[in-house]
Amino acid sequence: MRLRKKYSRGAIAMAMLHGFLMGIGGVLLFGFIVMSDDKNSESAEPAESGEMVPAGTEPAEEKKGEGDEATGNRKTMFFAIQHGMFSSYDAATGFLSGQAQLDKAAIVRVADKFYLWSSIHLTDSDARASVVKDTFVKPFTVDAAACPAETSGKLPVLLAGQKAANFNFGDETKDDVLPDAWKKNVGAVQGITDDPAVMRLHLVSHYAEAAECLKIEF
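Criteria and cut-off values
Every chain is numbered independently, its residues counted from 1 as its sequence is written. At least 70 in pLDDT is required for a residue's local features to be given in this predicted model, at least 80 for side-chain atom pairs to be given and counted, and no such filter applies to totals for whole chains, interfaces and linings, which use all residues. Derived side-chain values reflect all non-hydrogen atoms in the structure, with water molecules and hydrogen atoms excluded from consideration. Helix and strand assignments come from DSSP, with helices taken as H or I runs of at least 4 residues and strands as E runs of at least 2, each series counted from the N terminus. Buried means the residue's accessible area, taken with a 1.4 Å probe over protein chains only, is under 20% of the maximum for its type, while exposed means over 50%, and partly exposed covers the values in between. By definition in these notes, contact holds between two residues if any of their heavy atoms fall within 4.5 Å. Aromatic contacts are taken between Phe, Tyr and Trp rings whose centres are within 6.5 Å, Trp giving its six-membered ring; a plane angle under 30 degrees counts as stacked, one over 60 as edge-to-face, and the others as tilted. Comment: the charge-over-ring label is applied if NZ (Lys) or CZ (Arg) is within 6 Å of the ring centre and within 35 degrees of the ring normal. Being paired, for any two strands, means DSSP has found at least two bridges between them. Axis definition: a line fitted to C-alpha atoms, over the contacting stretch in the case of helices. Angles run 0 to 180 degrees between N-to-C directions. Note on definitions: salt bridges are taken to be side-chain nitrogens of Lys or Arg within 4 Å of carboxyl oxygens of Asp or Glu.

### Some words on the overall build of the chain
No. 1: A tally of regular secondary structure across the chain gives 7 helices and 5 strands.
No. 2: Counting from the amino terminus, the chain carries its helices and strands in the arrangement α-α-β-α-β-β-α-β-α-α-α-β.
No. 3: By the burial criterion, 31% of the 218 residues in the chain qualify as buried.
No. 4: Contacts in the chain between residues far apart in sequence, at least 24 positions, make up 70% of those at least 6 positions apart.

### A look at the packing of aromatic side chains
No. 1: Throughout the structure, instances matching the rule amount to 9 aromatic pairs.
No. 2: When the ring centre of Phe-218 is taken as reference, the NZ or CZ atom of Lys-138 above it lies at 4.5 Å.

### Side note on the sheet that holds strand 5 (residues 215-217)
No. 1: Taken in spatial order, the 5 strands line up as 2-3-1-4-5 in an open sheet, and their pairing is antiparallel. The two strands at the open ends of the sheet, each matched to only one other strand, are strand 2 (106-110) and strand 5. Strand-to-strand, the axes of this sheet are offset by a mean angle of 50°, without reference to chain direction.
No. 2: The sheet contact formed by strand 2 and strand 3 (residues 113-121) spans 5 bridges and is antiparallel. Following the sheet pairing, Ile-107 is matched in strand 3 by Leu-116.
No. 3: Its contacts with the sheet put helix 7 (residues 196-210) on strand 1 (75-86), strand 2, strand 3 and strand 5, and the angle it makes with strand 3 is roughly 145°.

### What about unusual backbone geometry?
Residues other than glycine predominantly adopt negative phi, and peptide bonds predominantly adopt the trans conformation.
No. 1: Look at Ala-111: it is not a glycine, yet its phi comes out positive at around 60°.
No. 2: Tracing the backbone shows Ala-111 in the loop between strand 2 and strand 3.

### Describing the environment of Val-198
No. 1: Mapped onto the fold, Val-198 is located in helix 7.
No. 2: Put simply, Val-198 and Ser-118 are 80 residues apart on the chain and 6.9 Å apart in space, counted from C-alpha to C-alpha.

### Some thoughts on the pattern of salt bridges
For side chains of opposite charge, pairing can occur when their charged atoms come near one another.
No. 1: Under the criterion given, the structure shown has 5 salt bridges.
No. 2: Glu-217 serves as the salt-bridge partner of Lys-75, at 3.2 Å between the closest nitrogen and oxygen. Placement of the pair is Lys-75 in strand 1 and Glu-217 in strand 5, with a sequence separation of 142 residues.
No. 3: As a salt-bridge pair, Lys-154 and Glu-150 come within 3.6 Å of each other at their nearest N and O atoms.
No. 4: Residue classification places Lys-154 among the partly exposed residues on the basis of a relative accessible area of 25%.
No. 5: Overall, Glu-150 belongs to the partly exposed group, its relative accessible area being 45%.

### Notes on the environment of Pro-196
No. 1: As for its position among the elements, Pro-196 is in helix 7.
No. 2: Taking the C-alpha atoms as reference, Pro-196 lies 9.2 Å from Leu-159; in sequence the two are 37 residues apart.
No. 3: What Pro-196 contacts, discounting residues up to four positions off in sequence, is Gln-162, Lys-163, Ala-164 and Phe-167.

Listed below in structure tokens is the structure:
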């Protein structure tokens, strides 16, 4: 004997509402999944306006022009040991003549002033190690930007030699690729000293006068 279960109209209505809501929920869930997939696929694509660069690499640098390498290092800083500054050459030489300990010093003219220096160093620390009583370190730059690249323009680099041997060039090096009379001047300075700081001083003193394109700036 089959038993019939009777349902009230309220129960039937609730069942229909429950089924309707479950259907709507399924549609919304499906739509959410589709939208999530679309966003993930878009984020995986590279931006249209950018250029993809492989990991661990950098964009290539722009190629330097022919003159860029020649004009590099054309302005270099040095550090002098200064003993005095004078308004005339005679005043400087007059003071120097009375200082027997400054027999290897030199006078460097900058604009309308005359500086008495005893050595020129490549670093501030090296210069400070040479400071004695009544002296101090005078930083300055040698600027050869206005000089011909293949001659006087090389002075800042040549003067930055760390050893006396760095100032020398063999017979195979042509004179016309060096500052004017460079080999001759280096030979003359070596007759006075083999200290690179003092050699550098006398070369700066000479070329500050001889090379009009060269600038010494403080």
